[in-house]
Amino acid sequence: MSTRDTAFKAMQNLAKQNPLKLTELFAGDPDRTAKMTLEQSGIIADFSKQRLDDAALAALFDLAKACDLSGWRSKLFSGAKINTSEDRAVLHPALRGVGGDDDVKAAVSTMRSRMADYADKIRSEGRFKSIVHVGIGGSDLGPRLIADAFLATAEQALELRFAENVDGASINDALEGLDPATTLVIVVSKSFGTQETKMNGDAARDWLGEHSGSNMIAVSANNQGAQDFGIAPENIFDFWDWVGGRYSVWSAVGLSLQIAYGPDLFEDFLAGAAEMDAHFRDAEFDKNLPVMMALTGIWNRNGLGYTSQAVIPYARRLRKLSAFLQQLEMESNGKSKGRDGTDAGTTCPIIWGDEGTNGQHAFFQWLHQGTPGAPVDFVAVAEDHSGRPDHHRALLANCFAQSEALMVGKSESLVREEMKGDANIDGLAPQKAFPGNRPSTTLLLDNLSPRTVGALIALYEHKTFVQGIIWGVNSFDQWGVQLGKVLAGTILSELEGGAPQSHDSSTAALIKRVLG
Ligand code: F6P
């Protein structure tokens, strides 16, 4: 057995042999919260409500060492080609000014200046009133999340809308009520081969009509593809194949944010991420926020056997966080084969969630009493950005109450005490009890400034990287999205009247039904 496999087994055995009870861990150590809380770049991460003790942490750090996490971390920042299946480096931190060689640094700095100059020009000219950002997946989710988040501290100078889905309603909604003469359409696609984006881009071009030459620009790592699509070379903003789509909001993919909110805000966003990069690169594992988050997730997934991870932002301005993280984590680590093609075992859990408090009135019933439940990341913001401090206090009270309730639960004996004399006590008391001991992490952000939000997103990026290393998968490719795309091409030609192809009887019947 390899050192890594031995360390992995040891961690799993420990989790199995010693089921930890959170309330006992707290009772046994008055300093637990202080010991298990880390702070970095305006984010406090409280891991004390995770079912971890010193032995568990030691086993997890041993595992990280056995996986040569330090070595991989150095490779990431040095620009080594760690995306082996596509033979590419992975240098999104370089977009924030951390890592990469002199050529990379120079290319990034030129692009950052060009973006800022262009954003300033558009903002000062006042010719445009609105932006329609066309893109999907990594070319959509980051900008969409951050467009909301920036609203906490700034106003949009231009209205910013998004069109992503190939469903025609998506581009219709985005264009509805806008004036082609005063709308800038930004078509964003790393590959410029994405069906949804090309169709929405075509629809937007038709809608722009005589303005399409001047009011449509592109962002892509495939300059020729953008030109073939009809965008003039001077209207194309490039990025590089070493920026993964789901890690690309920091590149020209974020141009619509720069224009809508101004280059200074965007620079602050990059600066916050850069701080988290430096922390991740330099801090010891036990003081390292992304490493701790990642290892906690490994413990929950591979040690305790949880199949999903909920992320609940108690902040309306972060309501797209779980959708963003679904792509970041599940497209990165949703794999069953390792970098060498062998079985990777149990990898990325399902990532899901919605904003608090809304989720409390939907799926929290399952979190408290369902089987098996799920670990939760509670993301809260100390500062009120709504101008309604009474609402903000209520929001935070709900957030803190939920993690407390998940942990302490409510015993059946206590429920029986409360129900004494009730004729239905035997049937009802078990239903009213809460098992408790359900793990969570609380991330408390000082505020929702672009800097803090930048640090938060970089935190999750590095968490994802660390988990990919522990699971032994390539976090930077996504072969699993290909098959469906190919089959959709075949079916589309049939729906457009082409010759019928061979399908299973279910798929054939669905096609036939639509064709009538
Ligand atoms: O289908 C998945 C995917 O390839 C993602 O990885 C990517 O973010 C998205 O499609 C959009 O790709 P592109 O930016 O090349 O249009």
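1. Topic: the overall build of the protein chain
Then step 1. Regarding its fold elements, the protein chain presents 22 helices and eleven strands.
Then step 2. Taken over C-alpha atoms, the radius of gyration comes to 25 Å for the protein chain, in line with the 24 Å a tight globule of 516 residues would show.
Then step 3. Overall, the C-alpha framework of the protein chain stretches about 75 × 60 × 55 Å when taken along its three principal axes.
Then step 4. Counting the 516 residues in the protein chain, one finds 52% classified as buried.
Then step 5. Once local pairs closer than 6 in sequence are excluded, the contacts in the protein chain between residues at least 24 apart make up 75%.
Then step 6. Of the roughly 22,100 Å² of accessible surface on the protein chain, a fraction of 51% belongs to carbon and sulfur atoms.
Then step 7. Looking at charge distribution, the protein chain has the averaged site of its 49 positive side-chain charges lying 4 Å from that of its 65 negative ones.

2. Quick notes on the domain arrangement of the protein chain
Then step 1. As assigned here, the protein chain comprises domain 1 (3–66 + 283–397 + 440–471), domain 2 (92–269) and domain 3 (484–515).
Then step 2. Here domain 2 and domain 3 have C-alpha centroids that lie 34 Å from each other.

3. Quick word on a negative patch on the surface
Then step 1. A surface patch of negative charge is lined by Asp117, Asp120, Asp264 and Asp268.
Then step 2. Of all the secondary structure elements, the ones that give two or more residues to the negative patch are α7 (102–125) and α13 (263–282).
Then step 3. Mapped onto the fold, Asp117 is located in helix α7.
Then step 4. By relative accessible area, Asp117 is classed as exposed at 53%.

4. What to know about the pattern of salt bridges
Then step 1. Following the criterion strictly, the structure yields 27 salt bridges and no others.
Then step 2. The residue Glu461 makes a salt bridge to Arg96 at a minimum N-O spacing of 2.8 Å. Residue Glu461 is located in helix α20 (residues 450–471), and its partner Arg96 is located in the loop between α6 (92–95) and α7; the two are separated by 365 residues in the primary sequence. For the pair Glu461 and Arg96, one class covers both residues: buried.
Then step 3. The residue Asp148 makes a salt bridge to Lys320 at a minimum N-O spacing of 3.3 Å. Separated by 172 residues along the polypeptide, Asp148 in helix α8 (residues 141–150) and Lys320 in the loop between β8 (308–314) and α15 (321–333) bring together distant segments of the chain.
Then step 4. Among the charged side chains, a network of salt bridges with common partners joins Glu86, Arg88 and Asp241.

5. A closer look at the nonpolar core
Then step 1. Counting residues in hydrophobic clusters, the biggest one holds 114 residues, and the most contacted among them are Ile259, Leu318 and Leu443.
Then step 2. No other element matches the twelve residues that α20 contributes to this core.
Then step 3. Here this core gathers at least three residues from each of two domains, domain 1 (3–66 + 283–397 + 440–471) and domain 2 (92–269).
Then step 4. Ignoring any residue separated from it by four or fewer positions in sequence, one finds Leu318 in contact with Leu145, Ala149, Pro313, Val379, Leu445, Leu448 and Leu456.
Then step 5. Core analysis: the next-biggest nonpolar cluster, separate from the first, contains 18 residues, Ala163, Ala174, Met216 and Ile236 among them.

6. Some thoughts on the site of the ligand
Then step 1. Close contacts around the ligand come from 13 residues, with Ser139, Ser189, Ser191, Thr194 and Glu331 the closest.
Then step 2. Contact distances for the ligand include 2.7 Å between an oxygen atom and a backbone N or O atom of Gly138.
Then step 3. A distance of 2.6 Å separates an oxygen atom of the ligand from a polar side-chain atom of Ser189.
Then step 4. Within the complex, 86% of the 400 Å² of free accessible area of the ligand lies under protein.
Then step 5. Looking at the shell around the ligand residue by residue, the classes come out as two nonpolar, eight polar and three charged.

7. Let's talk about the sheet that holds strand β7 (residues 236–238)
Strands belonging to one sheet form pairs held by backbone hydrogen bonds; the direction of such a pair is parallel or antiparallel.
Then step 1. The parallel open sheet is built from five strands, whose spatial order is β4-β3-β5-β6-β7. Both edges of this open sheet fall to β4 (159–163) and β7, since each of them pairs with a single strand only. When the angles between neighbouring strand axes are averaged without regard to direction, this sheet yields 20°.
Then step 2. Sheet strands in contact with α7 are β5 (183–188), β6 (216–220) and β7, and its direction is about 150° off that of β7.

8. Here's the deal with the sheet that holds strand β1 (residues 37–40)
Then step 1. The strand order across the open sheet formed by six strands is β1-β2-β11-β10-β8-β9, and the pairing between neighbours is mixed. A strand with exactly one partner marks an edge of an open sheet, and here the two such strands are β1 and β9 (350–352). Direction aside, neighbouring strands of the sheet carry axes that sit 15° apart on average.
Then step 2. One ladder, built from three bridges, connects β8 with β9; its direction is parallel. Looking at the pairing, Ala310 lines up with Trp352 of β9.

9. Some words on a nonpolar patch on the surface
Then step 1. Residues Leu492, Leu495, Val514 and Leu515 make up a contiguous nonpolar surface patch of about 350 Å² in total accessible area.
Then step 2. Of all the secondary-structure elements, those providing two or more residues to the nonpolar patch are α21 (482–495) and α22 (505–515).
Then step 3. Here Val514 lies in helix α22.

10. Focus: α15
Then step 1. Between the first and last C-alpha of α15 there are 17 Å, a value that for 13 residues agrees with the 18 Å anticipated at 1.5 Å per step.
Then step 2. Residues of α15 that are buried include every one of Leu321, Ser322, Phe324, Leu325, Gln327, Leu328, Glu329, Ser332 and Asn333, and no others.
Then step 3. Contacts from the buried residues of α15 go to α8, β8, β9, β10 (376–381) and α20.

Analysis parameters
Residues numbered from 1 in each chain as written. Predicted model: local features only at pLDDT ≥ 70, side-chain atom pairs only at ≥ 80, totals over all residues. Heavy atoms only, no water. Helix = DSSP H or I, 4+ residues; strand = E, 2+ residues; numbered from the N terminus. Rg over C-alpha atoms; globule rule 2.2 N^0.38 Å. Buried < 20%, exposed > 50% of the residue type's maximum accessible area, 1.4 Å probe, protein only. Contact = heavy atoms within 4.5 Å. Areas by Shrake-Rupley, 256 points an atom, 1.4 Å probe, with all protein chains shown as cover. Lys, Arg positive; Asp, Glu negative; His and termini not counted. Charge placed at Lys NZ, Arg CZ, Asp CG, Glu CD. Domains from an automatic or database assignment. Patch = residues over 30% accessible without salt bridge, like charges linked within 9 Å, V, L, I, M, F, W, Y side chains within 5 Å. Salt bridge = Lys/Arg side-chain N within 4 Å of Asp/Glu carboxyl O. Core = buried A, V, L, I, M, F, W, Y, C linked by side-chain atoms within 4.5 Å. Near = heavy atom within 4 Å. Polar contact = N/O pair within 3.5 Å; in protein donor to acceptor, adjacent residues only side chain to side chain. Nonpolar A, V, L, I, M, F, W, Y, C, P; charged D, E, K, R; others polar. Pairing = 2+ DSSP bridges. Axes fitted to C-alpha atoms, helices over the stretch in contact; angles between N-to-C directions. Expected span 1.5 Å × (residues − 1).

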